[in-house]
Amino acid sequence: MKKIIISVGIGLVCLVTAPKANAQRDGEFHLDKTYSIGASGTLYLNSEDAEVRITGSSRADAHVKIDRTQEVRGFSSGRSEFNVIVENRGDDLHITERERSGVRIQMGSIRTDYRIDIELPESVSIRVKGEDDDYVVRNVNGKIYMETEDGDIEIIDCKSNDLEFRLEDGDLRIDGGQGSLTVESEDGDVEVRAGNFSDIDIDIEDGDVMLETSLSDNGRYIVRGEDSSIEFVVTSGGGEFSIVKDDGSVRASSAFETVRESDHRSEFKLAGGKANVEIRTEDGRVRLSRN
């Protein structure tokens, strides 16, 4: 991720102690090391403004590569230190970012290039918290929990049975997936392709939802949106669909049998299974189809 900041003034930031940290002045940091992690352990990552790639593989340890550089144009005085703490705690691996600054005078712009690449055993879980980071997670099969503000998340070929995401303005895209999916989002869009989920709970405000998944007979699928456009595509299975709306509109393909229709509620039945699907929207549009 490239970030350019234009600033004029004096900043005062309290010094923060960071033991066991690797640090370089002027925001430049490079790390390329391997660390131990248990096959059923968890990666904990806390970062900000980075392009992050997390990839599961057949390796037995974790390879961590971090590169962060800054290009200052204009006048800058003072000093700052960028720190990343990497430490093992039992079978888990913790990666935590910290930045220390003193009194700094700056006139001009700063361009930051920041990338984190992590390769680890595909069986591990990940627990990520970030601000403005963009993520690509591939082939991670343990539990996935990710919390971010404005960054985008892309999940590819992950066989995790437990996925949970909490976003503000970022977009979420999932290619594949199974088990349980929980999403809380404000203004971002959610797109799920080729899913095989048995339980889904999506709560979104102003973003749009495109959900393509098979239905499990005992599965429950809940999608809540305010002004959202919601498209639900069933790839296999069937069940009962209940749509509660205020001023929104509902459309269903010919594969769906209309059970009841009123100003604020629509009910449909899709042959082929016993799943329960509930969609709630205020002013949004809902479209049901079978692929």
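Residues numbered from 1 in each chain as written. Predicted model: local features only at pLDDT ≥ 70, side-chain atom pairs only at ≥ 80, totals over all residues. Heavy atoms only, no water.

J.: I'd like to hear about the overall build of the protein chain, residue by residue, with values.
T.: The helix and strand inventory of the protein chain stands at zero helices and 26 strands. In the protein chain, of all internal contacts separated by at least 6 residues, the share reaching a separation of at least 24 is 52%. (Helix = DSSP H or I, 4+ residues; strand = E, 2+ residues; numbered from the N terminus. Contact = heavy atoms within 4.5 Å.)

J.: I'd like a rundown of unusual backbone geometry, residues and numbers included.
T.: Phi angles above zero are rare outside glycine, and aspartate 132 is one such case at about 65°. Located in the positive-phi region is alanine 194, a residue other than glycine, with phi close to 55°. Considering the arrangement of structural elements, one finds alanine 194 in strand S17 (residues 190-204).

J.: Please set out the side chain of serine 125 residue by residue, giving values where relevant.
T.: Secondary-structure assignment places serine 125 in strand S10 (residues 125-131). At 2.9 Å, the side chain of serine 125 forms a polar contact with the backbone nitrogen of lysine 143. When sequence neighbours within four positions are dropped, the list of residues in contact with serine 125 reads Gly41, Thr42, Leu43, Gly142 and Lys143. (Polar contact = N/O pair within 3.5 Å; in protein donor to acceptor, adjacent residues only side chain to side chain.)

J.: Tell me about the packing of aromatic side chains, residues and numbers included.
T.: Counted according to the given criterion, the structure contains four aromatic pairs. For the ring pair phenylalanine 232 and phenylalanine 241, a centre distance of 5.9 Å and an interplane angle of 90° mean the geometry is edge-to-face. By the burial criterion, phenylalanine 232 is buried, and phenylalanine 241 matches it. Relative to phenylalanine 256, the ring of phenylalanine 241 lies with its centre 5.1 Å away and its plane at 80°, an arrangement referred to as edge-to-face. Here phenylalanine 241 is found in strand S21 (residues 239-245), whereas its partner phenylalanine 256 is found in strand S23 (residues 256-261), with 15 residues between them in sequence. Classification of phenylalanine 256 as buried rests on a relative accessible area of 6%. Ring-pair connections join several aromatic residues into one group, and the members of that group are Phe29, Phe82 and Tyr114. (Phe/Tyr/Trp six-rings, centres within 6.5 Å; stacked < 30°, edge-to-face > 60°. Buried < 20%, exposed > 50% of the residue type's maximum accessible area, 1.4 Å probe, protein only.)

J.: An account of the layout of surface pockets is requested, with residue identities and associated values reported.
T.: The space that makes up the second largest pocket amounts to roughly 200 Å³. For the lining of the second largest pocket, the secondary structure elements donating two or more residues are strand S4 (42-48), S10 and strand S12 (144-148). (1 Å grid on protein atoms, 1.4 Å probe; cavity = no way out; pocket = protein on both sides within 12 Å on 5 of 7 lines; lining within 4 Å. Points joined across faces, edges and corners; volume = space filled by probe spheres on them.)

J.: So, the pattern of salt bridges: which residues are in play, and what are the values?
T.: Proximity of charged atoms lets side chains of opposite charge pair with each other. Applying the stated rule across the entire model yields 20 salt bridges. Here arginine 59 makes a salt bridge to aspartate 61, at a shortest N to O gap of 2.7 Å. Across the pair glutamate 267 and arginine 260 runs a salt bridge whose closest N-O atoms are separated by 3.5 Å. Residue classification places arginine 260 among the partly exposed residues on the basis of a relative accessible area of 43%. (Salt bridge = Lys/Arg side-chain N within 4 Å of Asp/Glu carboxyl O.)

J.: So what about the environment of glutamate 212? Which residues, and what values?
T.: With respect to the secondary-structure elements, glutamate 212 resides in strand S18 (residues 209-213). Residue glutamate 212 is classed as buried on the basis of its relative accessible area of 12%. Once the C-alpha coordinates of glutamate 212 and threonine 235 are considered, the two residues, 23 residues apart in sequence, prove to be 6.8 Å apart. Residue contacts for glutamate 212: discarding those within four places in its chain leaves Val192, Arg193, Ala194, Gly195, Val233, Thr235 and Asn291.

J.: Break down the nonpolar core for me, with residues and values.
T.: Formed by 63 residues in total, the largest nonpolar core has its most connected members in Ile54, Ile95, Met146, Ile155, Phe165, Phe232 and Phe241. Those residues in contact with isoleucine 95, other than ones at most four positions away along the chain, are Leu43, Tyr44, Leu45, Asn46, Val64, Ile66, Val84, Ile85, Val86 and Ile118. (Core = buried A, V, L, I, M, F, W, Y, C linked by side-chain atoms within 4.5 Å.)

J.: Can you explain the pairing of strand S11 (residues 134-138)? Please cite residues and give values.
T.: Pairing analysis gives five bridges linking strand S5 (residues 51-57) to S11, with the strands arranged parallel. Residue pairing in the sheet places isoleucine 54 in a bridge with valine 137 of S11. As judged from the four bridges shared by S11 and strand S13 (residues 153-156), these two strands associate in the parallel manner. Counterpart to valine 137 in the pairing with S13 is isoleucine 155. (Pairing = 2+ DSSP bridges.)

J.: Describe the environment of threonine 55, listing the residues and the values that go with them.
T.: Counting through the fold element by element, threonine 55 comes out in strand S5. Measuring from C-alpha to C-alpha, the distance between threonine 55 and leucine 120 comes to 6.4 Å, with 65 residues separating the pair along the chain. Contacts of threonine 55, omitting those with residues within four sequence positions, involve Ile118, Glu119, Leu120 and Arg138.

J.: Report on the environment of lysine 65, specifying residues and quantitative values.
T.: Mapped onto the fold, lysine 65 is located in strand S6 (residues 61-77). Leave out the neighbours within four places in its chain, and lysine 65 touches Leu31, Asp32, Arg115, Ile116 and Asp117. Within the structure, lysine 65 has its side chain in polar contact with the side chain of aspartate 67 (distance 2.5 Å).

J.: Go over the confidence of the model for the protein chain with me, naming the residues and quoting the values.
T.: Scored by pLDDT, the protein chain has a mean of 88; 85% of the residues are at 70 or more. In the predicted structure, residues 1-25 sits below a pLDDT of 50 and forms 74 contacts with residues beyond four places in sequence or in another chain. (pLDDT = per-residue confidence, 0-100.)

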